[in-house]
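Residue-level structural notes
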Amino acid sequence: MTNRLPLLAGNWKMHHDHLEAISVVQKLAWALRDAKISKESAQVAVLVPFTDIRSVQTLVQGDKLPLWYGAQDLSEHAEGAHTGDISGRFLQQLGCEFVVVGHSERRSDHHEDNALVGRKVRAALDHELTPILCVGESLTERENGEHVAFTLRQCEEALAEIDTPEELVIAYEPVWAIGTGKTATANDAHEMAQEIRGWLAQRYDSSVAESTRILYGGSVKPENVSEIMQSEHVDGALVGGASLDPDTFARLIAASVRL
Ligand code: PEP
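A brief report on the enclosed structure follows. Computed from a predicted model, the values in this text were never measured in an experiment.

1. Remarks on the site of the ligand
Not every one of the 14 residues close to the ligand is listed here, only the nearest: Lys13, Glu173, Gly179, Ser219 and Gly240. Contact between the ligand and Lys13: an oxygen atom at 2.9 Å from a side-chain N or O atom of the residue. Within the side chain of His103, one N or O atom sits 2.9 Å away from an oxygen atom of the ligand. When the free accessible area of the ligand is taken as 290 Å², the share hidden by the protein chains comes to 95%. For the shell around the ligand, a count of residues per class yields 4 nonpolar, 8 polar and 2 charged.

2. Re the environment of Leu215
By secondary structure assignment, the location of Leu215 is in strand 7 (residues 213–217). With relative accessibility at 1%, the residue Leu215 sits in the buried group. The sequence separation of Leu215 and Ile170 amounts to 45 residues, and the corresponding C-alpha distance is 6.2 Å. Ignoring anything within four residues of it in the chain, the contact list for Leu215 reads Leu7, Val169, Ile170, Ala171, Tyr172, Asp235, Gly236, Ala237 and Leu238.

3. A word on the sheet that holds strand 1 (residues 7–11)
Here 8 strands make up a closed barrel; going around it, the order is 1-2-3-4-5-6-7-8 and the pairing parallel. Adjacent strand axes in the sheet meet at a mean angle of 25° when their direction is disregarded. When strand 7 meets strand 8 (residues 236–239), the two strands line up parallel, connected through 2 bridges. Paired with Gly217 across the two strands is Leu238, which belongs to strand 8. Where helix 5 (residues 114–126) meets the sheet, its contacts fall on strand 4 (98–101) and strand 5 (130–135), and the angle it forms with strand 5 comes to roughly 160°.

4. What to know about the pattern of salt bridges
One pass over the structure, following the stated rule, counts 14 salt bridges. The shortest N-O distance in the salt bridge between Glu210 and Arg4 comes to 3.7 Å. In this pair, Glu210 sits in helix 9 (residues 206–211) while Arg4 sits in the segment before strand 1, placing the two residues 206 residues apart along the sequence. Overall, the relative accessible area of 47% leaves Glu210 in the partly exposed class. According to the relative accessible area criterion, Arg4 is buried, its value standing at 10%. The closest approach of N and O atoms between Glu105 and Lys13, which form a salt bridge, is 2.7 Å. With Glu105 in helix 4 (residues 104–109) and Lys13 in the loop between strand 1 and helix 1 (18–34), the pair connects residues that are 92 residues apart, well separated along the chain. Three or more residues are tied together by salt bridges with common partners; here these are Arg4, Arg197, Glu210 and Asp235.

Quick notes on the rules
All chains use their own residue numbering, which begins from 1 and follows the written sequence. Totals for whole chains, interfaces and linings use every residue, but because this is a predicted model, local features are given only for residues with pLDDT of at least 70 and side-chain atom pairs only at 80 or more, for both listing and counting. Side-chain numbers come from the whole structure's heavy atoms, not from hydrogens or water. A single heavy atom is enough: if one lies within 4 Å of a molecule or strand, its residue is considered near that molecule or strand. The definition of a polar contact used here is a pair of N or O atoms within 3.5 Å, where within protein one atom must be able to donate a hydrogen and the other to accept one, and adjacent residues in sequence count solely through side-chain atom pairs. Using a 1.4 Å probe, accessible areas were evaluated by the Shrake-Rupley method; residue-level cover was limited to the displayed protein chains. Only Asp, Glu, Lys and Arg are considered charged in this grouping, and only Ala, Val, Leu, Ile, Met, Phe, Trp, Tyr, Cys and Pro are considered nonpolar; every other residue, Gly among them, is considered polar. A helix here means a DSSP run of H or I that spans at least four residues, while a strand means a run of E at least two residues long, and both kinds are numbered starting from the N terminus. Partly exposed residues are those whose accessible area sits between 20% and 50% of the maximum for their type, while under 20% is buried and over 50% is exposed, using a 1.4 Å probe and protein chains only. Only heavy atoms matter for contacts: two residues are in contact if any of them lie within 4.5 Å across the pair. Strands are labelled as partners when DSSP assigns at least two bridges between them. Only the contacting stretch of a helix is used when fitting its axis, a line to C-alpha atoms as for every element, and angles between N-to-C directions run 0 to 180 degrees. Any Lys or Arg side-chain nitrogen located within 4 Å of an Asp or Glu carboxyl oxygen qualifies as a salt bridge.

Next up, the structure:
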């Protein structure tokens, strides 16, 4: 039995503009209330496009909703001549709790390597944001049986310069399962989460390994979440497609928490 609070984080990717965001977050809050999901049973977060953050902040803080929110990326820099980039300081000032770092879509669309991902983890921690560090293998590594070594190397390289992180979430997201409808088996998720926790204990110490939440991501749905979360090492899910509809996301959350 662990005392890590389950984290269910919805990654909206580039969906929902700032007006749609208000309606989705409001409906999510109502659905969670109806399902009797309290802050004590799970931490629920939405990771929204930058342009939605102010609207979500106003609603969550104004109505004291039991929800957290964050962004999907941040700059490695705190400020300066970096056209189009967003500083962790701006996110902190908007009340963000989380920021996704190293999502596979950013690694592929924007050629982000582990060194850059590591600098972004640093930037997040410098601004008191909890990084959700995404790691996970592609189909080739999985088929070659190299998925564990590949994923741990991503952790190693991204966290090489980070001494004892105050707050860290690691999301294991096999790339072949993201947005494809293919899900890793509960056993695959368990195996990798256990490997990552073992690696954290070696890289840091047992208290970092015990306190770091490890999520699974990749086509998680209301129908498969509870099986995936059976593992004592899987502390929640990073959810893309199934987080866009508030009722579906609330059903997924309700299925995941041990009420
Ligand atoms: C994700 O966006 O990180 C993700 C896991 O997406 P999906 O749930 O749609 O596979």
